Each structure stands twice: as structure tokens, then as C-alpha cells.
Amino acid sequence: MRLFEAYNSHSARLTLLALLSASTLYCFYKSLRLKRHALLFPTTNPNSSSKGKLFFVSQTGTSEILARRLLRLLTSCDLSFDLVHPKDYEPEDLSKETLVLIVASTWEDGNPPPDAGFFSNWLAESADDFRVGSMLLSRCKFAVFGVGSRSYGAAFNAVARGFSKRMRKLGGLQVLPVEEGDVDAGDLDEVFDVWSRKLISVLKGGSVENGVFDGSMAVVESDAETIDGSEEDYDDDDDADRENGAEGSIVDLEDIAGKGPSRKTKTMTTSSGTINGEKEMVTPVIRASLEKQVFLFSLPSLVAEIGKWARDLE
Ligand SMILES: Cc1cc2nc3c(=O)[nH]c(=O)nc-3n(C[C@H](O)[C@H](O)[C@H](O)COP(=O)(O)O)c2cc1C
């Protein structure tokens, strides 16, 4: 009887030891994760201030002029934004942004100007990558204004629509429908000014004249912003972007294994095929997610192993 009790208490102690070891390992893992998170998302990030970001994607200056005009209007309304060209921006920092505005023109075959190719492809690849997930931009509210010409048919403002679609897919909250400006219609300035006023109203938490947006920071659901296109149009845009992407846009098999390239660490592949860096197969965002999955998968077998080891000691 005493032998049985002694055995029981011994095995209870060993089980307790196994559980304590497992929870210690888990805490260790969590602290590593927190450290990594702090590195990935520092609270004071030089690239990501509390200011909003106003991107312009422009080849011949039309979108840039409009973006500068919008910046002046935003500033006059005490709304603080940085004017940013995508070529000067690390797309991975998008996950830290809370407010993003984009004024973007569309060029040949529905593509962005070449110097926005990297940014555009990063968005496309990340949005298509199931490992990145739909939470990446969950803190980010955004709005997009397109500059294009209706004479290009289905490719009319394909870039603006593509940005909108991909940012929504990554969890971004669109606060206004995409507005599609037509440079050949003769009313671009007027259309832009109306859109800008709606935007200011939404950003200020007020209502919008047409009554569609009557609350603070109205969020537009995925289908709402389709003006003259369908979801099929967007899918065509995706294909066109990837097939006809400009500088920095070549997608190869390695990219398929590690999407969402970082400008800091990733290859910049130019149209001439020049490579100026090493490819990173897994970006920090994807790596953190994969590590979590591997750890959670191995946790039960780890506990079993510790239990077995404890029994062997008896
Ligand atoms: C060669 C060329 C190709 C174009 N392709 C498209 C297009 O596919 N879709 C579109 O909506 N607009 C297209 N446009 C119209 C441009 O978007 C328009 O000229 C716009 O004002 C350019 O803006 P940006 O000066 O900001 O670059 C094209 C214009 C040119 C000259």
C-alpha cells in the first residue's frame, strides 16, 4: 500500500514536472515572440508616424499635382499627412500605417508607372499570399483616387481599382469608394475636388453631402466601390499587373515561395534583369506566422516526450 502511494506521489511529481517544463517552454516562446513583435512593430517608428500617408503614383505629373493640392487642403483642415512617392517607401511598413490615401494614375496595359512597380507588386503578391492573411492592414483606413482615361476601356483606372482591391484583401478599411477620374472628360479637377471634400468630411467624422456616408470613418465594403467594373475586371487587373509589370516586377518561382518582398532586404530585379541583392524567401511577417504554427504543432509531442523522459527516470 505504502509502495503504491509512494509510486503515485512519485509519478504525480513527474507529471507536474513535465507540465511545468512545458509551460516554461511556452512562456519562453511567448517572450521570444513579444521581442520579435517589438522589433517588427516598434512603437516609435521613423517610417511610420502618427501622420497619415498620402501616396502619389504619377508619370507625367497629373496625379502628383492633385496629391499636392489634396495635401494643402488636408493641412488647412488640421489633418497631418506626409506626401510619399512609393519608390521612397518600404511596403512592409504599410502594416504600421493607420491612414493611407493614394492618388494613382494608370499607364500602358493597365499598369502603374515603372517607379511604382515595386510597391504595386508587393501589394499584389501579399494580397495573393495566404500566409500573409487578411489582418495585415487591419489597422489601416484608406481611400484611393484614380487618374486615367476612359478611352482605355477595361484598363480604365485599373491601377487605382487594383490598389483598392488588394488593400481590402489585406484587411484595410476603405473609407470612401474609389473615385475614377477621367483626364479626357474635362472635369478631372472638379471630380477630384468633390472627392477631396467628401474625404475631408469623412476624416473629420462628419457626413458627406450625398448622404451615403453619414457617420465617422464610414467603411466601404468590398463590392461597394465598383463603379463601372466587376470583380472579373479586378481579376483581369491582377493578371495584367503580374504579366506586364514594369520595373522591379518580374515574378519568378522563388517569389512564389516567399511573397511580399521587402525593399530593404529583397532583390530589386530591373527590367534589364539586373539583380542587386539577395532574395529573402520568407518575409518577417510570414516568418512570425510560420514559427507560431510550427511551435503549436510541436507542443503536444513535446509534452509527451517530457512525460516519457520522466517515466524513463523512474
Ligand atoms: C501610353 C499611355 C497609356 C495609358 N494607359 C492607360 C490605361 O491603361 N488606363 C487608363 O485609365 N489610362 C491610361 N492612360 C492615361 C493616363 O492615365 C493619363 O494620361 C494620366 O493623366 C497620367 O497621369 P500622370 O501624369 O499622373 O502619370 C495612358 C496614357 C498614355 C500616354
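All chains use their own residue numbering, which begins from 1 and follows the written sequence. In keeping with the predicted nature of the model, local features appear solely for residues at pLDDT of at least 70, side-chain atom pairs appear and are counted solely at 80 or more, and the whole-chain, interface and lining totals rest on all residues. The side-chain figures draw on all heavy atoms in the structure; neither hydrogens nor water molecules are used.

- If you look the chain up in an unreviewed UniProt entry, it shows as Flavodoxin-like domain-containing protein from Vitis vinifera.

1. Examining the overall build of the chain
Here comes step 1: Of regular secondary structure, the chain possesses eight helices and six strands.
Here comes step 2: In the chain, the succession of α and β elements from N to C terminus is α-β-α-β-β-α-β-α-β-β-α-α-α-α.
Here comes step 3: Under the scheme applied here, a residue whose accessible area is under 20% of the maximum for its type counts as buried, over 50% as exposed, and between as partly exposed, the area being computed with a 1.4 Å probe on protein chains only. With 314 residues in all, the chain has 44% of them scored as buried.
Here comes step 4: Two residues qualify as a contact provided that any one of their heavy atoms is within 4.5 Å of a heavy atom in the partner residue. A separation threshold of at least 6 residues defines the contact pool for the chain, and within that pool the share at least 24 residues apart is 78%.
Here comes step 5: Shrake-Rupley sampling with a 1.4 Å probe provides the accessible areas, and residues are treated as covered by the protein chains on show and by no other component. Total accessible area on the chain is roughly 16400 Å²; 57% of this is exposed by carbon and sulfur atoms. Comment: elements are numbered from the N terminus, with helices defined as DSSP H or I runs of at least four residues and strands as E runs of at least two.

2. Describing the site of the ligand
Here comes step 1: A cutoff of 4 Å decides nearness: a residue is near a molecule or strand if any of its heavy atoms lies inside that distance of it. Around the ligand, 19 residues are found, and the nearest of them are S58, Q59, T60, S63 and T106.
Here comes step 2: For the ligand, an oxygen atom lies 3.1 Å from a polar atom in the backbone of G61.
Here comes step 3: Two N or O atoms count as a polar contact when they lie within 3.5 Å, although within protein this holds only if one can serve as hydrogen donor and the other as acceptor, and sequence-adjacent residues are included solely when both atoms are side-chain atoms. Here an oxygen atom of the ligand sits 3.4 Å away from a polar atom, N or O, in the main chain of G110.
Here comes step 4: For the ligand, whose accessible area on its own is 630 Å², the fraction buried by protein is 85%.

3. A word on the side chain of N157
Here comes step 1: With respect to the secondary-structure elements, N157 resides in the loop between β4 (141-148) and α4 (158-169).
Here comes step 2: Judged by relative accessible area, which is 0%, N157 ranks as buried.
Here comes step 3: In contact with N157, other than residues within four places in its own chain, are A104, T106, G146, V147, G148, E180 and G181.

4. Digging into the packing of aromatic side chains
Here comes step 1: For this analysis, a ring pair means two rings from Phe, Tyr or Trp (six-membered ring only for Trp) whose centres lie within 6.5 Å, classed as stacked if their planes differ by under 30 degrees, edge-to-face if by over 60, and tilted for the remaining angles. For the structure shown, the criterion picks out seven aromatic pairs.
Here comes step 2: Their ring planes at 40 degrees and their centres at 5.1 Å tell us that F55 and F119 sit as a pair that is tilted. Placement of the pair is F55 in strand β1 (residues 52-57) and F119 in helix α3 (residues 117-128), with a sequence separation of 64 residues.
Here comes step 3: Classification of F119 as buried rests on a relative accessible area of 1%.
Here comes step 4: One aromatic cluster in this structure is built from F55, Y89, F119 and F163.

5. Digging into the pattern of salt bridges
Here comes step 1: Any carboxyl oxygen of Asp or Glu that lies within 4 Å of a side-chain nitrogen of Lys or Arg is treated as forming a salt bridge with it. Applying the stated criterion across every chain, the model contains 12 salt bridges.
Here comes step 2: Between D193 and R69 there is a salt bridge; the shortest N-O distance is 2.9 Å. Within this pair, whereas D193 is found in helix α5 (residues 188-203), its partner R69 is found in helix α2 (residues 62-76), the two being separated by 124 residues in sequence.
Here comes step 3: Classification of R69 as partly exposed rests on a relative accessible area of 25%.

6. Topic: the environment of K87
Here comes step 1: Along the chain, K87 turns up in the loop between β2 (81-84) and β3 (99-105).
Here comes step 2: For the pair formed by K87 and F118, sequence separation is 31 residues and the distance between their alpha carbons is 7.5 Å.

7. Comments concerning the confidence of the model for the chain
Here comes step 1: Values of pLDDT, which run from 0 to 100, indicate the predictor's confidence residue by residue. Put simply, the chain has an average pLDDT of 73, and 57% of its residues get 70 or more.
Here comes step 2: Across residues 209-260, confidence stays below pLDDT 50; counting only partners more than four residues off in sequence or on other chains, it has 118 contacts.
Here comes step 3: Here residues 265-281 scores under 50 on pLDDT; set against residues more than four positions off or in separate chains, the count is 37 contacts.

8. Points about the environment of S164
Here comes step 1: Looking at the secondary structure, you find S164 in helix α4.
Here comes step 2: Considered as a pair, S164 and P177 are 13 residues apart in the sequence and their alpha carbons are 8.8 Å apart.

9. Focus on the environment of M167
Here comes step 1: Mapped onto the fold, M167 is located in helix α4.
Here comes step 2: Given the relative accessible area of 0%, M167 is considered buried.
Here comes step 3: Remark: the alpha-carbon pair of M167 and A143, spanning 24 residues in sequence, is separated by 9.7 Å.
Here comes step 4: Among residues more than four places away in sequence, those in contact with M167 are V100, I102, L123, L137, C140, F142 and G172.

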